[in-house]
Amino acid sequence: MASMPETKKFAIEIFEGEDLLVDSLAKYVVDLSNKFTSKRGAFTVCLSGGSMIEYLRKLLESPYVDSIEWSKWQVFWLDERVVPKTHANSNYKLALDGLLSTVPIPPGNVYAINDTLSAEGAADDYETRLRELVSKGVITLSPTSGFPKFDLILLGMGPDGHVASLFPGHPLVHENKRWVAFIKDSPKPPPERITLTFPVINSCAYAALVVTGKDEADAVHSVLGKSENPVKLPAALVSPEGELKWFLDKDAASKL
Ligand SMILES: O=C1O[C@H](COP(=O)(O)O)[C@@H](O)[C@H](O)[C@H]1O
């Protein structure tokens, strides 16, 4: 069955509507931001593209916006499309327009990919920069896995069960050495992307998987439900050292 390994902890919360979900997600992010900024003076968070920035919209509203020490945020991307930062397909542009341009995060704490490089070059460059930040103590390293340990990774899931730019049946799903990998044949456009790999995703302290809508219901069922013919979708491989929480609306959870 395509379910989470039994030894790992995860929680599932199902919300009547998207408004309730985004409110709860905002509280969850604020609590973690406060936990890590008071513990070590920094909060390392990886953003996804797609719907995620829209799901984070409540962070810009009271009381959440004033409860966050934005200057302590260190912002990364779980995956990025290899397009200019000004392009409509850029996950950076999505986050800049929908979140980052409105809050006082120092520009030096926002780690966009280098959009002047090829997919290979951008992945190498991003991994090199992550390694530098580990050596400076901005990002911690998991003593268990030896991979970087982000405080929070925010994941979406496509109807095919992909997370980040890790697609069903693609060899990148099995990458176990690289921190950041590139893909040139993404089944979802645009084809060229870079992505954090599963060992990095699964080293994080907290992960939230946020899924809404009927189109995702089959994949949610395949990952979390009881299935006669299990297929191990990428979302089923999200199994962090820390805690995983699924935020689902009732449409996404309709087949559970
Ligand atoms: O292409 C991508 O898709 C996934 C899922 O997007 P969603 O709109 O279905 O939530 C996203 O998480 C990823 O960052 C993005 O590059």
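As the structure is a prediction and not an experimental result, all values here were calculated from the model.

Quick look at the overall build of the protein chain
Turning to step 1, where the next piece is worked out: Each helix and strand counted, the protein chain has six helices and eleven strands in total.
Turning to step 2, where the next piece is worked out: Taking 256 residues into account, the globule formula puts the C-alpha radius of gyration at 18 Å, and the protein chain, at 17 Å, falls close to it.
Turning to step 3, where the next piece is worked out: Along the first, second and third principal axes, the C-alpha set of the protein chain runs to 50 × 40 × 40 Å.
Turning to step 4, where the next piece is worked out: Sequence-distant contacts, at least 24 apart, represent 76% of the contacts inside the protein chain between residues at least 6 apart.
Turning to step 5, where the next piece is worked out: By element, 53% of the accessible surface of the protein chain is carried by carbon and sulfur atoms, the whole surface being about 11,000 Å².
Turning to step 6, where the next piece is worked out: One finds the centroid of the 27 positive side-chain charges in the protein chain at a distance of 4 Å from the centroid of its 33 negative side-chain charges.

Considering the site of the ligand
Turning to step 1, where the next piece is worked out: Taken together, 15 residues are adjacent to the ligand, and Gly 49, Ser 51, Asp 79, Arg 81 and Lys 188 come closest.
Turning to step 2, where the next piece is worked out: At 2.9 Å, a side-chain N or O of Arg 81 approaches an oxygen atom of the ligand.
Turning to step 3, where the next piece is worked out: In this structure, Met 157 approaches the ligand through a main-chain N or O atom, which is 3.5 Å from an oxygen atom.
Turning to step 4, where the next piece is worked out: Surface burial for the ligand is 93%, taken as the share of its 390 Å² of free accessible area covered by protein chains.
Turning to step 5, where the next piece is worked out: Residue composition of the shell around the ligand, grouped by class: two nonpolar, eight polar and five charged.

Side note on the sheet that holds strand E8 (residues 180–183)
Turning to step 1, where the next piece is worked out: As summarised here, the arrangement of the three strands in space is E4-E9-E8, forming an open sheet in which the pairing is antiparallel. Of all strands in the sheet, those with a lone pairing partner are strand E4 (79–81) and E8, marking the two edges. Geometrically, the sheet is characterised by an average inter-axis angle of 15 degrees between neighbouring strands, direction not taken into account.
Turning to step 2, where the next piece is worked out: Running at roughly 170 degrees to E8, helix H4 (residues 119–135) makes contact with E8 and strand E9 (193–196) of the sheet.

Observations regarding the pairing of E9
Working note: regular strand, side chains alternate between the two faces of the sheet.
Turning to step 1, where the next piece is worked out: The alternating pattern of E9 places Arg 193 and Thr 195 and Ile 194 and Leu 196 on opposite faces, both of which are buried.
Turning to step 2, where the next piece is worked out: Across three bridges, the pairing between E4 and E9 is antiparallel. Considered in E9, the bridge of Asp 79 is made with Thr 195.
Turning to step 3, where the next piece is worked out: Examined bridge by bridge, E8 and E9 share four bridges and lie antiparallel to one another. Paired with Ile 183 across the two strands is Arg 193, which belongs to E9.

Examining the nonpolar core
Turning to step 1, where the next piece is worked out: Judged by nonpolar contacts, the single largest core of 89 residues is most densely connected at Leu 25, Leu 56, Leu 59, Trp 73, Trp 77, Leu 154 and Trp 246.
Turning to step 2, where the next piece is worked out: Considering every element that reaches this core, the biggest residue donor is helix H1 (residues 18–40), with nine residues.
Turning to step 3, where the next piece is worked out: The residues contacting Trp 73, other than those within four sequence positions of it, are Val 29, Ser 33, Phe 43, Val 45, Leu 59, Ile 68, Ile 105 and Asn 109.

What to know about the environment of Phe 198
Turning to step 1, where the next piece is worked out: Here Phe 198 shows up in helix H5 (residues 198–201).
Turning to step 2, where the next piece is worked out: Here the alpha-carbon distance between Phe 198 and Gly 121, two residues 77 residues apart in the chain, equals 20 Å.
Turning to step 3, where the next piece is worked out: In contact with Phe 198, other than residues within four places in its own chain, are Val 163, Leu 166, Val 173, Pro 234, Leu 237 and Val 238.

A few points about the pattern of salt bridges
Turning to step 1, where the next piece is worked out: Scanning the entire structure with this criterion turns up 21 salt bridges.
Turning to step 2, where the next piece is worked out: The partner of Lys 255 in a salt bridge is Asp 218, and the shortest N-O contact between them spans 2.8 Å. You can see Lys 255 sitting in the segment after strand E11 (243–249) and its partner Asp 218 sitting in helix H6 (residues 217–224), a full 37 residues away along the chain.
Turning to step 3, where the next piece is worked out: Owing to a relative accessible area of 45%, Lys 255 belongs among the partly exposed residues under this scheme.
Turning to step 4, where the next piece is worked out: The partly exposed category is assigned to Asp 218, whose relative accessible area is 48%.

Focus: H4
Turning to step 1, where the next piece is worked out: Between the first and last C-alpha of H4 there are 24 Å, a value that for 17 residues agrees with the 24 Å anticipated at 1.5 Å per step.
Turning to step 2, where the next piece is worked out: Along H4, the positions that sit buried rather than exposed are Ala 119, Gly 121, Ala 122, Ala 123, Tyr 126, Glu 127, Leu 130, Leu 133 and Val 134.
Turning to step 3, where the next piece is worked out: Buried residues along H4 sit in contact with strand E3 (73–77), strand E5 (140–141), strand E6 (148–149), E8 and E9.
Turning to step 4, where the next piece is worked out: Positive phi appears at Gly 137, one or two residues downstream of H4, with a value of about 80 degrees.

Procedures and definitions
- The residue count restarts for each chain, going from 1 along the sequence in the order it is written.
- Totals for whole chains, interfaces and linings use every residue, but because this is a predicted model, local features are given only for residues with pLDDT of at least 70 and side-chain atom pairs only at 80 or more, for both listing and counting.
- The basis for the side-chain values is all heavy atoms of the structure; hydrogens and waters are excluded.
- Going along the chain from the N terminus, every DSSP run of H or I of four or more residues is numbered as a helix, and every run of E of two or more is numbered as a strand.
- Only C-alpha atoms enter the radius of gyration, while the globule expectation follows 2.2 Å times N to the 0.38, with N the number of residues.
- Contacts are assigned to residue pairs with any non-hydrogen atoms lying within 4.5 Å of each other.
- Per-residue and other accessible areas follow the Shrake-Rupley method at a 1.4 Å probe size, with only the shown protein chains counted as cover for residues.
- Asp and Glu are treated as the negative residues and Lys and Arg as the positive ones, with His and the ends of the chain left uncounted.
- Throughout, a charge is located at the NZ atom of Lys, the CZ atom of Arg, the CG atom of Asp or the CD atom of Glu.
- Being near a molecule or strand, for a residue, means having at least one of its heavy atoms within 4 Å of it.
- Side-chain atoms alone can form a polar contact between residues adjacent in sequence; in general such a contact is a pair of N or O atoms within 3.5 Å, and within protein one must be able to donate a hydrogen while the other accepts it.
- Throughout, the ten residues Ala, Val, Leu, Ile, Met, Phe, Trp, Tyr, Cys and Pro are labelled nonpolar, Asp, Glu, Lys and Arg are labelled charged, and all others, Gly among them, are labelled polar.
- The pairing criterion for strands is at least two bridges between them, as found by DSSP.
- Note on geometry: axes are lines fitted to C-alpha atoms, helical ones only across the stretch in contact, with angles between N-to-C directions running from 0 to 180 degrees.
- Categorising residues by exposure relies on relative accessible area from a 1.4 Å probe, with only protein chains included: less than 20% of the type maximum marks a residue as buried, more than 50% marks it as exposed, and the intermediate range marks it as partly exposed.
- Within this scheme, the nonpolar core is defined by two criteria: the residues are buried Ala, Val, Leu, Ile, Met, Phe, Trp, Tyr or Cys, and they are joined through side-chain atoms within 4.5 Å.
- We define a salt bridge as a contact between a side-chain nitrogen of Lys or Arg and a carboxyl oxygen of Asp or Glu at a distance within 4 Å.
- Given the number of residues in a helix, its expected span is that number minus one, multiplied by 1.5 Å.

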